[in-house]
Amino acid sequence: MIRAQCLRLRWPAHGSKGARCPERLLQSSQEACRANLRFHLAMWRMRLPWLSSILFSQLQKGVLPDMANSILETISSEFASAAEKVGSSVVAVHARRWMPTSGIEWKKGVVVTVHHGVQRDEEINVLLGSGRAVSAKLAGRDPSTDIAVLRIEEGSSSAPQLGDSTSLRLGHLVLALGRTRRGDLVASSGIIGGISGGWRNRRGGHLDQHIRLDLALYPGFSGGPLLNARGEVVGINTQGLAHGRAVTVPVATVNRVVEELLEKGRIARPYLGIAMQPVELPENMRSKLPTKTRAGLLVVYVENDGPAEQAGVSLGDVVFEVSGKTVEHMDAIQDSLATARVGDVLEVRIIRAAEIKPVSITLGERAR
């Protein structure tokens, strides 16, 4: 579009009133082209900030719109090189009947893939980037983050370069990689379609970021890596956490889950051992509580010998504060547990018989 608009500029016919010397006409044409380019790059900046910043820098150096194609070719070549480099670590995981899923050798001898793509615990085969097939053992899985970890005896000598997913911005160019049944490396490009902070998904898993992709994750792509513009792996792609929508499990979450699965073979989930429901607090109690506290959580069930009972919580207590923050809905409790570990102590304040009491609950491990 930019080049076409620039080519519309025509020198006036010889002898006309608008006729000027070729040097001034050339200068005027270049200035008009630069103005057009600045306008379109300003529009691109809202959707493709990384690409537009490169083109803006080239424009400031005096590069004309005619050079835009070569710049795009350079960007394309960089992505191709990144895909080739990281692609050597991308594998195909044969652990279900109808088709394999993708995965990546996170570090030597350790393959990360998606939980929903590993439908058996034995007879798992991994097709490496070199084309060689090896057997794998399931080290552990976490359905709440859709991550599964496999061990292989022979792996590649180098691990992929991991990036920082917190540097991603809305509209950034990204590349998803996968590997087919036949061992071919495949890719799908797009942008970051949505990004926000910590996310507790419908399975109860806590992800450090909610990264939504605006690209096509074709069948078998889940479990493959997402690459940023620098060719770094910033997460694992999946369609198993958001009703088929393409999202990415960020690197920080993957590292945390992989570490615990390799150490324990499972993810230990902390719990309180009580059931609660929201309830409005009486007017005579609100003056004794933190400002604007109007509701709490009524304890309607206490598990025998559970963490809460051991700490002294009783049926009918009203929880209104956890770790210094007021709680009026169960989501607040779930958020506190999502980032906690078994053995952590949760400082809770309750109302019992119109009196405020502090309680320290040592979190137990939820039964599997």
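Whatever comes next refers back to the structure up there.
Residues numbered from 1 in each chain as written. Predicted model: local features only at pLDDT ≥ 70, side-chain atom pairs only at ≥ 80, totals over all residues. Heavy atoms only, no water.

Caption draft 1: Seen up close, the overall build of the protein. Helix and strand counts for the protein come out as eight helices and 22 strands. Burial status across the protein gives 45% buried among its 368 residues. For the protein, restricting intrachain contacts to residue pairs at least 6 apart in sequence, the fraction spanning at least 24 positions comes to 59%. On the protein, roughly 19400 Å² of surface is accessible, and the fraction owed to carbon and sulfur atoms is 50%. (Helix = DSSP H or I, 4+ residues; strand = E, 2+ residues; numbered from the N terminus. Buried < 20%, exposed > 50% of the residue type's maximum accessible area, 1.4 Å probe, protein only. Contact = heavy atoms within 4.5 Å. Areas by Shrake-Rupley, 256 points an atom, 1.4 Å probe, with all protein chains shown as cover.)

Caption draft 2: Looking closely at the packing of aromatic side chains. Considering all chains together, one arrives at one aromatic pair under this definition. Note on Tyr218 and Phe221: the rings are 5.7 Å apart at their centroids and 65° apart in plane angle, and the pair reads as edge-to-face. (Phe/Tyr/Trp six-rings, centres within 6.5 Å; stacked < 30°, edge-to-face > 60°.)

Caption draft 3: Main features of helix 5 (residues 251–264). Its 14 residues give helix 5 an end-to-end C-alpha distance of 20 Å, which sits within 8% of 20 Å, the value for a rise of 1.5 Å per residue. Every buried residue of helix 5 is listed here: Val251, Thr253, Val254, Val257, Val258, Glu260 and Leu261. In the stretch just after helix 5, Gly265 is the one whose phi turns positive, near 80°. (Expected span 1.5 Å × (residues − 1).)

Caption draft 4: Spatial organisation of the sheet that holds strand 1 (residues 90–94). Read around the closed barrel, six strands run 1-2-3-6-5-4, paired in antiparallel fashion. Adjacent strand axes in the sheet meet at a mean angle of 40° when their direction is disregarded. Judged from the four bridges that link them, strand 4 (residues 124–127) and strand 5 (residues 133–142) form a sheet pairing that is antiparallel. In the sheet register, Val126 faces strand 5, and the bridge partner there is Val134. Of the strands in this sheet, strand 2 (101–107), strand 3 (110–114), strand 5 and strand 6 (147–152) are in contact with helix 5, which crosses strand 6 at around 55°. (Pairing = 2+ DSSP bridges. Axes fitted to C-alpha atoms, helices over the stretch in contact; angles between N-to-C directions.)

Caption draft 5: Focus on the environment of Ile211. The topology assignment puts Ile211 in strand 11 (residues 210–214). Between the alpha carbons of Ile211 and Arg169 there is a distance of 9.7 Å; along the sequence they are 42 residues apart. Not counting residues up to four positions away in its chain, the partners in contact with Ile211 are Ser165, Leu168, Ile192, Gly194, Ile195, Ala246, Val247, Thr248 and Pro250.

Caption draft 6: Region of the structure containing the sheet that holds strand 8 (residues 185–196). The strand order around the closed barrel built from six strands is 7-8-11-14-13-12, with neighbouring strands paired in antiparallel fashion. Between one strand and the next, the sheet's axes are offset by a mean angle of 45°, whatever the strand orientation. By the bridge criterion, seven bridges tie strand 7 (residues 173–179) to strand 8 in an arrangement that is antiparallel. Bridge pairing in strand 8 links Leu177 to Ala187. Across the sheet, helix 5 lies against strand 13 (233–238) and strand 14 (247–250), angled at about 60° from strand 14, the strand it touches most.

Caption draft 7: Structural detail: the nonpolar core. Ranked by size, the top nonpolar core spans 32 residues in total, and within it Trp106, Val112, Ile147 and Val254 carry the most contacts. Counting residues per element, the ones that place at least two in this core are helix 4 (68–87), strand 2, strand 3, strand 6, strand 7, strand 13, strand 14 and helix 5. If you look at the next biggest cluster of nonpolar residues, it comprises 20 residues, including Ala308, Val327, Ala340 and Ile350. (Core = buried A, V, L, I, M, F, W, Y, C linked by side-chain atoms within 4.5 Å.)

Caption draft 8: The pairing of strand 20 (residues 345–352), seen in detail. As paired elements, strand 18 (residues 318–322) and strand 20 share four bridges and run antiparallel to each other. Residue pairing for strand 20: Val318 is matched across the bridge by Ile351. With eight bridges joining them, strand 20 and strand 21 (residues 355–362) adopt antiparallel strand pairing. Residue pairing for strand 21: Leu346 is matched across the bridge by Ile361. Hairpin connection from strand 20 to strand 21: two residues lie between these consecutive antiparallel strands, with Ala353 at a positive phi of about 55°.

Caption draft 9: Structural context of the pattern of salt bridges. If you walk through the whole model with that rule in mind, you get 14 salt bridges. For Arg230, the salt bridge goes to Glu232, with nearest N and O atoms at 3.4 Å. On the basis of relative accessible area, Glu232 is assigned to the buried category, the value being 13%. Between Arg266 and Glu365 there is a salt bridge, and its shortest N-O distance comes to 3.0 Å. On the criterion of sequence distance, the pair formed by Arg266 in the loop between helix 5 and strand 15 (270–271) and Glu365 in strand 22 (residues 364–365) is long-range, its members being 99 residues apart. On the basis of relative accessibility, which here comes to 25%, the residue Arg266 falls in the partly exposed class. (Salt bridge = Lys/Arg side-chain N within 4 Å of Asp/Glu carboxyl O.)

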